Amino acid sequence: MAATSTDRLRELAENDEIEIETRRDPKSPLHRVTIWIVPTEHGVYVRSYKGKRGRWYQEALANPIVTIRLGRRKVTARAEPEHNPDVIRAVNAAYRKKYGERWPDDTQAMLKRSLMPTTLRLTPL
C-alpha cells in the first residue's frame, strides 16, 4: 500500500530539522529555510523561532500552502494557526521531548510565551 501524504509528513516530522518552502503569494519567489518540526497526537506542527516577524511565518500566513522538504522528499501542506491551548501545550511538550536534551537553550527559546501564537498546524494536501 502506498504511503499517504499524512504518512509522509509524519515521517519527515521524525527528523530533527526540515526545510519549509514558503511564498508571499503564488507568483512570489520561493523562500526556503531550515526549521524544527514536531509530531503530536493532534497532528504535525511548526513554530517560528523569530516570532511573528519571521519571514517564513509571515509568508505562511499570507499564503498557507507550504512545502515541507528533506532532501528529495517533500510534502505539500496547508499551514494554519493553532489556537487551542491544550494542543499548544502538547506541542510544547513535543518540542521539549524532541529537542530539549540536545539543544536545551534553543528549546527553551522555542517555549517562550511570546512564540506560542506562531504555532502552525500542517495539514497535508
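The structure this text deals with has already been given above.
Below is a short write-up of the structure.

Calculation criteria
- Residues numbered from 1 in each chain as written.
- Predicted model: local features only at pLDDT ≥ 70, side-chain atom pairs only at ≥ 80, totals over all residues.
- Heavy atoms only, no water.
- Phe/Tyr/Trp six-rings, centres within 6.5 Å; stacked < 30°, edge-to-face > 60°.
- Helix = DSSP H or I, 4+ residues; strand = E, 2+ residues; numbered from the N terminus.
- Buried < 20%, exposed > 50% of the residue type's maximum accessible area, 1.4 Å probe, protein only.
- Pairing = 2+ DSSP bridges.
- Salt bridge = Lys/Arg side-chain N within 4 Å of Asp/Glu carboxyl O.
- Axes fitted to C-alpha atoms, helices over the stretch in contact; angles between N-to-C directions.
- Contact = heavy atoms within 4.5 Å.

What follows deals with the packing of aromatic side chains. A complete count under the given rule lists six aromatic pairs for this structure. Plain terms: the ring middles of Trp 36 and Tyr 99 are 3.9 Å apart, the flat faces sit at 5 degrees to each other, and that makes the pair stacked. Pair noted here: Trp 36 is in strand β2 (residues 31-40) and Tyr 99 is in helix α3 (residues 85-99), with a separation of 63 residues, a long-range link. Judged by its relative accessible area of 0%, Tyr 99 is buried. Between the aromatic rings of Tyr 99 and Trp 103, the centroid separation amounts to 6.0 Å while the plane-to-plane angle is 35 degrees, which identifies the pairing as tilted. The class of Trp 103 is partly exposed, set by a relative accessible area of 24%. Each residue in the set Trp 36, Tyr 95, Tyr 99 and Trp 103 is aromatic and connected to the rest through ring pairs, giving one cluster.

The alternating pattern of strand β6 (residues 120-124) places Leu 120, Leu 122 and Pro 124 on a buried face and Arg 121 and Thr 123 on a face that is not buried. In this structure, strand β5 (residues 73-81) lies alongside β6, joined through five bridges in antiparallel fashion. Counted as the bridge partner of Ala 77 is Pro 124 from β6.

Now for the pattern of salt bridges. As enumerated under the stated definition, the model contains seven salt bridges in all. The residue Arg 32 makes a salt bridge to Glu 19 at a minimum N-O spacing of 3.7 Å. Of the two residues, Arg 32 is situated in strand β2 and Glu 19 in strand β1 (residues 17-22); the sequence distance between them amounts to 13 residues. For Arg 32, a relative accessible area of 42% translates into the label partly exposed. Residues joined in a network through salt bridges with shared partners are Glu 19, Glu 21, Arg 32 and Arg 69.

Okay, the sheet that holds β5 next. Strand order in the closed barrel formed by six strands is β1-β2-β3-β6-β5-β4, with antiparallel pairing between adjacent strands. In this sheet, adjacent strand axes meet at a mean angle of 45 degrees when their direction is disregarded. Bridging between β2 and strand β3 (residues 43-46) involves four bridges; their strand directions are antiparallel. Looking at the pairing, Thr 40 lines up with Gly 43 of β3. Contacts between helix α2 (residues 55-62) and the sheet are confined to β1, β2, β3, β4 (65-70), β5 and β6, with β2 contributing the most and set at about 80 degrees to the helix. Across the face of the sheet, α3 comes into contact with β2 and β3 while running at roughly 105 degrees to β2.

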